[in-house]
Amino acid sequence: MAYLILSNGRVFEGERIGADCDGMGELVFTTGMVGYTETLTDPSYAGQIIIQTFPLIGNYGVNEDDFEGKCAARGYVVRECCDTPSNFRSRYTLDTFLKNNGICGICGVDTRELTRTIREEGVMNAMICDEVPSDLSKLREYRVKDVVEQVSTPETQVYPAGGAKKYSVTLIDYGAKKNIIRSLCNRGCEVRVVPCSASAEDILAENPDGIMLSNGPGDPEDNAFAIEQIRKFIGKVPVFGICLGHQLTALAMGGRTVKMKYGHRGGNQPAKEVNGSRTFITSQNHGYAVVGDSVKNGKITFVNANDGTCEGMEYPGLNCFTVQFHPEACGGPHDTEFLFDRFIDMMEGNRHA
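Let me begin by describing the structure that accompanies this report. (Residues numbered from 1 in each chain as written. Predicted model: local features only at pLDDT ≥ 70, side-chain atom pairs only at ≥ 80, totals over all residues. Heavy atoms only, no water.)

Considering the side chain of Ser44
No. 1: Along the chain, the position of Ser44 falls in the loop between α1 (36–40) and β4 (48–52).
No. 2: The buried category is assigned to Ser44, whose relative accessible area is 5%.
No. 3: Within polar-contact distance, the side chain of Ser44 engages the side chain of Asn215 at 3.0 Å.
No. 4: If sequence neighbours within four positions are ignored, Ser44 has contacts with Asn215, Gly216, Pro217 and Asn285. (Helix = DSSP H or I, 4+ residues; strand = E, 2+ residues; numbered from the N terminus. Buried < 20%, exposed > 50% of the residue type's maximum accessible area, 1.4 Å probe, protein only. Polar contact = N/O pair within 3.5 Å; in protein donor to acceptor, adjacent residues only side chain to side chain. Contact = heavy atoms within 4.5 Å.)

Here it is, written out as structure tokens:
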């Protein structure tokens, strides 16, 4: 038996899965029906306890080829955890994955009620434990902080282009998903992944054709150093930002970000073109949003069709564009992969400018 305790005092009883330890974090939900392995290995979940709204999780097992990064979550909540997966690619069970990564989990709880609670009251802290504590003060004081440094690569890594090398791209790793690297390599880019501590001067000294700003966890305003570096190199080389990279760029350009009530997490978020007629289904994982009209020298390119929040920006004259969603989504949807081609075109155009 295990308990999921919310910072508002509610207690949910269930069965323990995963590692035999307690976990405390910010409780969030994701609506993905598939892709739980990619979710659990997305570094953007650092410091958080994940609720899967889809009721059956683990039915196709775990294959390490699907890992997007290092598991950084603080806990995992599912309605039903399948311990007998059936898939030819499966190597081991979800429970084994959680144990291997030291992640505690709980199953047998009403995830619909949990999700409804967060949608009505907003994101809150929670803990998974064996006994209900009498004092919840530490739980209520918990805050996700200093997480980008925890998930960023400790040293520079270089990934060769697939086929002939056409471009050299520096990817600043704030918690990057592997499919960003694959998406660039598949388009003839040699990708140099650098830590979040890399300076603008060192990055520019390598003469990259373009700079990629990755996704990542936490409050974007906590990353003062990263914001200052973006301010130094923006306009000097083509820049493409995803998720946290989108938010950091807006802050670097004088904009603001706000914490959302419960964020966007899952593979079914609609992003509508501002100057077009199309709405793309996108994968997202963020709890903060850019206040679009606060970026005076930016232009909003996409908005969320559900709540109108900013989903994309471009910066005229600076060879820079950013999106809140994930064009590299793995697994899926792939509607906005064309944005990588746009980045390639931008680098090619800059060569001939």
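Some details on the sheet that holds strand β14 (residues 239–242)
No. 1: Pairing within the open sheet is mixed, and its 10 strands lie in the order β10-β12-β11-β13-β14-β19-β18-β17-β15-β16. Every interior strand has two partners, whereas the edge strands, β10 (157–159) and β16 (279–291), have only one. The average angle at which neighbouring strand axes cross in this sheet is 20°, direction not considered.
No. 2: With three bridges joining them, β10 and strand β12 (residues 189–195) adopt antiparallel strand pairing. Each bridged residue has a counterpart across the sheet, and for Val158 the counterpart in β12 is Arg192. (Pairing = 2+ DSSP bridges. Axes fitted to C-alpha atoms, helices over the stretch in contact; angles between N-to-C directions.)

Describing the packing of helix α8 (residues 224–233) against helix α9 (residues 244–252)
No. 1: Where α8 meets α9, the closest approach of the two axes is 8 Å, and the angle between their N-to-C directions is 70°. The angle between the axes of α8 and α9 places the two elements in the roughly perpendicular class. In the crossing of α8 with α9, the sense of the turn from one axis to the other is right-handed. Of the residues in α9, those touching α8 at Ala226, Ile227, Ile230 and Arg231 are Leu248, Thr249, Leu251 and Ala252.
No. 2: A breakdown of the residues in the contact of α8 with α9 according to their chemical character gives six nonpolar, one polar and one charged. (Parallel < 35°, antiparallel > 145°, perpendicular 65-115°, else oblique. Left-handed = near helix turned anticlockwise from the far one by under 90°. Nonpolar A, V, L, I, M, F, W, Y, C, P; charged D, E, K, R; others polar.)

So, the packing of aromatic side chains
Any aromatic ring pair is given by two values, namely how distant the centres are and how the planes are angled relative to each other.
No. 1: Using the criterion set out here, one finds nine aromatic pairs in the structure.
No. 2: Look at Phe240 and Phe321: their rings are 4.4 Å apart centre to centre, the planes differ by 25°, and that puts the pair in the stacked class. Of the two residues, Phe240 is situated in strand β14 and Phe321 in strand β19 (residues 320–323); the sequence distance between them amounts to 81 residues.
No. 3: Linked through ring pairs, Phe240, Phe321, Phe340 and Phe343 together constitute an aromatic cluster.
No. 4: One residue, Arg342, lies across the ring of Phe321, its end atom 4.1 Å from the ring centre. (Phe/Tyr/Trp six-rings, centres within 6.5 Å; stacked < 30°, edge-to-face > 60°. Lys NZ or Arg CZ within 6 Å of the ring centre and 35° of its normal.)

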